[in-house]
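# Architecture at a glance
These are the residues of each chain, in order.
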Amino acid sequence: YTTLFRSPRSCQRVSEKIHGGFLYVSSIRHCLLQHLRTMTTSIPKPLIVGTIGYAILAGAGLFLVLAGRVTGKLTHDNAGIGTVVVLISSFGMWLFWISAWMHQWHPLIAPIYEE
């Protein structure tokens, strides 16, 4: 019986037969696996580019803290505080940016235009 569900249109027949009340579990599993194989999920390129940009920004801030420590303009304690400030602020900016980007990617509420 499960060999009937090997064609691409078989999942449509499976969904029709589910509502009829008679179907083997293995044919449902086959359809789910077929759909999972055809789905492509990947991280959108703007997220990767933005994340790399914020990582570069954090690296530049850490470099400035290190440069201040090496030249003697920052004490050990101040360099530690500077490192924490740079890391937390860059993470906070990245988190705010990625939240705003994802909210605009698939908006839950669409505008209603009056004519």
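Residues numbered from 1 in each chain as written. Predicted model: local features only at pLDDT ≥ 70, side-chain atom pairs only at ≥ 80, totals over all residues. Heavy atoms only, no water.

Our next topic: the overall build of the protein chain. When its secondary structure is counted, the protein chain shows four helices and zero strands. Taken from N to C terminus, the helices and strands of the protein chain fall in the order α-α-α-α. Out of the 115 residues in the protein chain, the part that is buried amounts to 17%. In the protein chain, once contacts between residues fewer than 6 apart in sequence are set aside, the share between residues at least 24 apart is 48%. About 9,500 Å² of surface is accessible on the protein chain, with carbon and sulfur atoms providing 69% of the total. (Helix = DSSP H or I, 4+ residues; strand = E, 2+ residues; numbered from the N terminus. Buried < 20%, exposed > 50% of the residue type's maximum accessible area, 1.4 Å probe, protein only. Contact = heavy atoms within 4.5 Å. Areas by Shrake-Rupley, 256 points an atom, 1.4 Å probe, with all protein chains shown as cover.)

Spanning 27 residues, helix α3 (residues 45-71) covers 39 Å between terminal C-alpha atoms, matching the ideal 39 Å at 1.5 Å per step. Taken together, the buried positions of α3 are Leu 47, Gly 50, Ala 58, Gly 61, Val 65 and Gly 68. (Expected span 1.5 Å × (residues − 1).)

Let's shift gears to the confidence of the model for the protein chain. Confidence along the protein chain averages 78 in pLDDT terms, with 64% of residues attaining 70 or more. Across the protein chain, the secondary-structure element scoring lowest on mean pLDDT is helix α1 (residues 10-20), at 50, and the one scoring highest is α3, at 95. Across residues 19-24 the pLDDT falls below 50, and counting only partners more than four positions away or on other chains, this stretch makes nine contacts in the model. (pLDDT = per-residue confidence, 0-100.)

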